[in-house]
Amino acid sequence: MASLAGRTGLVWDDGFVNYNLGPYHPLRPIRVKLTYDLIRSKEILKNEGVEVVKARTASRDEILLFHEDSYVKLVQQYSKNGSGLLDAGDTPAFKGCYEATSLVVGASLVGADSVMSGTLTHAFNPSGGLHHAHPERASGFCIFNDPAVVIAYLKLKYRIKRLVYLDIDAHHGDGVMYGYYDDPAVLDIDFHESGDYLFPGTGYPYETGKGDAEGLKLNIPLPPATGDHAYVEAFRQIVPDTVRKFRPEIILVQCGADGHLDDRLAHLRLTTNAYSEIVEEMHRLAHELCNGRLLLFGGGGYTLANVPRVWTVAFATLAGVKLDNEIPSDWAKEFRASAEEDPPQTLHDMPTNDAENVLRQVERVVSELRQNIAG
Ligand SMILES: [Zn+2]
Ligand SMILES: [Zn+2]
């Protein structure tokens, strides 16, 4: 088995909190800062081979690798005015929104450059994973789609021919999937709460890609209350084999925390245990198949007591650091002050039990998907 040693970087800039859609918006920028501070507070950054790297702002040309010029102009104009809606209403413009979202994209590009140049083996951008934005429009709280820009960038700058994009956000990563729907360089695997129940209402097993990319887009829509056991089982049945067969040169993981139990917008009921198992498996696959090259993105996540824990556990898993269950008191104090809520009591969740009927429902989805991609 390949060694899991390597350098793990957290891409950071204090400007991440400027991606702020307003005081009453469910996407609260403080969640990214609380993640950074929990990672620091748990002393993960003191380990050998773990470091913070500075983010940068993406250039207009880099954003244009995925987005249309007329849309980028619109964002720039609304950003200057500080008002306007960038989609039907979920994604309001704000003063400086062009700069704020260009920083998110640039942070993901720094992660990509670090991993491709070998200065890092794994990189995590907690502010990234804005997977709903389309080339010509904003959607679902996402102004520019940083994973989609990164994919185009990797193909252009590093001549990447095969990459895996795994998306475990509770919502379907429609911007990335349809952005590369006919692109055979991208194996896109997306687990999400079924579009029958949740935004954006897409991502069914019959959507398998087109042209040369037929069979390379895998959608696994899951019922509400899926839980760890059925979720991880479906993951194990589909992901390792498919990824090994594809032989990627780099692996991208969008790690939205809104699949977690008690999320305010979604209902998949995962615990930190499912996240650590999945990230650990992707970590092992990256070392086995592509010299460890793995980029981790944040994503959704709307319950402040969960998001920092999920992402801290995910980052520690990549860094190979084992964490105890303690919530440091300095961080708890900061949480209380900035979130104006009670802090979580433990870092990890207790294991949960799933209902039998959910297991059977998920098995049906997996076998439907298998039939669709077998052809
Ligand atoms: Zn590693
Ligand atoms: Zn989401």
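The sections below set out a description of the structure shown in this document. Because the structure is predicted, anything quoted here is derived from the model rather than measured. (Residues numbered from 1 in each chain as written. Chains lettered and ligands numbered in written order. Predicted model: local features only at pLDDT ≥ 70, side-chain atom pairs only at ≥ 80, totals over all residues. Heavy atoms only, no water.)

### A short note on the coordination of the zinc ion (ligand 2)
Condition: Here a donor is an N, O or S atom found within 2.8 Å of the metal, or within 3.2 Å if the metal is Na, K or Ca; sites may look incomplete because water is not among the atoms. Each helix is a run of H or I in the DSSP string that is no shorter than four residues. Each strand is a run of E no shorter than two, and both are numbered from the N terminus. Relative accessible area decides the class of each residue, using a 1.4 Å probe on protein chains only: under 20% of the type maximum gives buried, over 50% gives exposed, and in between gives partly exposed.
Looking at the zinc ion (ligand 2), one finds its protein donor set to be Asp-169 (OD), His-171 (ND1) and Asp-258 (OD), positioned 1.9 to 2.0 Å from the metal centre. Within one chain, the residues serving as donors to the zinc ion (ligand 2) are arranged as D-x1-H-x86-D. Residue Asp-169 is located in the loop between strand E4 (163–167) and helix H6 (174–179), and its partner Asp-258 is located in the loop between strand E7 (250–254) and helix H8 (272–289); the two are separated by 89 residues in the primary sequence. With respect to burial, Asp-169 and Asp-258 carry one shared label: buried.

### Considerations on the layout of surface pockets
Empty space among the atoms becomes visible once a probe the size of a water molecule is rolled across them. Worth spelling out the cut-off: The method works on a 1 Å grid over the protein atoms by themselves. A cavity is a set of points holding a 1.4 Å probe that cannot get out, a pocket is an open set with protein on both sides within 12 Å along at least five of seven lines, and residues with an atom within 4 Å of a point line them. Grid points are joined across faces, edges and corners, and a volume is the space filled by probe spheres set on the points. Gly is put with the polar residues, along with every residue not named as nonpolar or charged; the nonpolar set is Ala, Val, Leu, Ile, Met, Phe, Trp, Tyr, Cys and Pro, and the charged set is Asp, Glu, Lys and Arg.
Approximately 300 Å³ is the volume attributed to the largest pocket. Contributing to the lining of the largest pocket are 13 residues, with Gly-215, Leu-218, Thr-242, Lys-245 and Ile-373 lying nearest its centre. Among the elements that take part in the lining of the largest pocket, helix H7 (residues 227–246) stands out by supplying six residues, more than any other. Taken together, the residues that form the lining of the largest pocket break down as seven nonpolar, three polar and three charged.

### Considerations on the sheet that holds E4
Consider a sheet: its strands pair through backbone hydrogen bonds, and that pairing is either parallel or antiparallel. Put simply, the test is: At least two bridges found by DSSP between two strands is the condition for calling them paired. Orientation is described by axes fitted as lines to C-alpha atoms, over the contacting stretch for helices, and by angles from 0 to 180 degrees between their N-to-C directions. Whether two residues touch is decided by their heavy atoms; if any such pair falls within 4.5 Å, the residues are in contact.
With parallel pairing, the eight strands of this open sheet are ordered in space as E2-E1-E3-E8-E7-E4-E5-E6. Edge strands, defined here as strands with exactly one partner in the open sheet, are strand E2 (50–54) and strand E6 (217–222). Across the sheet, the axes of successive neighbouring strands diverge by a mean angle of 15°, strand direction being ignored. Pairing analysis gives five bridges linking E4 to strand E5 (residues 186–193), with the strands arranged parallel. The residue of E5 that forms the bridge with Leu-166 is Ile-189. The strands touched by helix H1 (residues 30–41) are strand E1 (8–12), E2 and strand E3 (122–125); relative to E1, the strand with the most contacts, the crossing angle is about 140°.

### A few points about the packing of H1 against helix H10 (residues 329–339)
Quick note on the threshold: An angle counts as roughly parallel when it lies under 35 degrees, as roughly antiparallel when it exceeds 145, as roughly perpendicular when it falls between 65 and 115, and as oblique in every other case.
As a packed pair, H1 and H10 sit with axes 10 Å apart at the nearest point and diverge in direction by 170°. With respect to each other, H1 and H10 are oriented roughly antiparallel. Across from Ile-30, Lys-33, Leu-34, Asp-37, Leu-38 and Ser-41 in H1, the residues of H10 making contact are Asp-330, Trp-331, Glu-334, Phe-335 and Ser-338. When its residues are assigned to classes, the contact of H1 with H10 shows five nonpolar, two polar and four charged.

### Structural notes on the packing of aromatic side chains
Rule in force here: Two aromatic rings from Phe, Tyr or Trp, using only the six-membered ring of Trp, form a pair when their centres are within 6.5 Å; if the ring planes differ by under 30 degrees the pair is stacked, by over 60 it is edge-to-face, and anything between is tilted.
The full count for this structure, using the stated rule, is 15 aromatic pairs. Plain terms: the ring middles of Phe-124 and Trp-311 are 6.3 Å apart, the flat faces sit at 75° to each other, and that makes the pair edge-to-face. Taken together, the residues span a long stretch of sequence, with Phe-124 in strand E3 and Trp-311 in helix H9 (residues 307–319) at a distance of 187 residues. Residue Phe-124 shares its accessibility class with Trp-311, and that shared class is buried. Here the aromatic cluster, defined as three or more aromatic residues joined through ring pairs, consists of Trp-12, Phe-16 and Tyr-36.

### Focus: the environment of Pro-308
Positionally, Pro-308 belongs in helix H9. You can call Pro-308 buried: its relative accessible area is 0%. Contacts of Pro-308, omitting those with residues within four sequence positions, involve Arg-31, Leu-34, Thr-35, Leu-38 and Trp-331.

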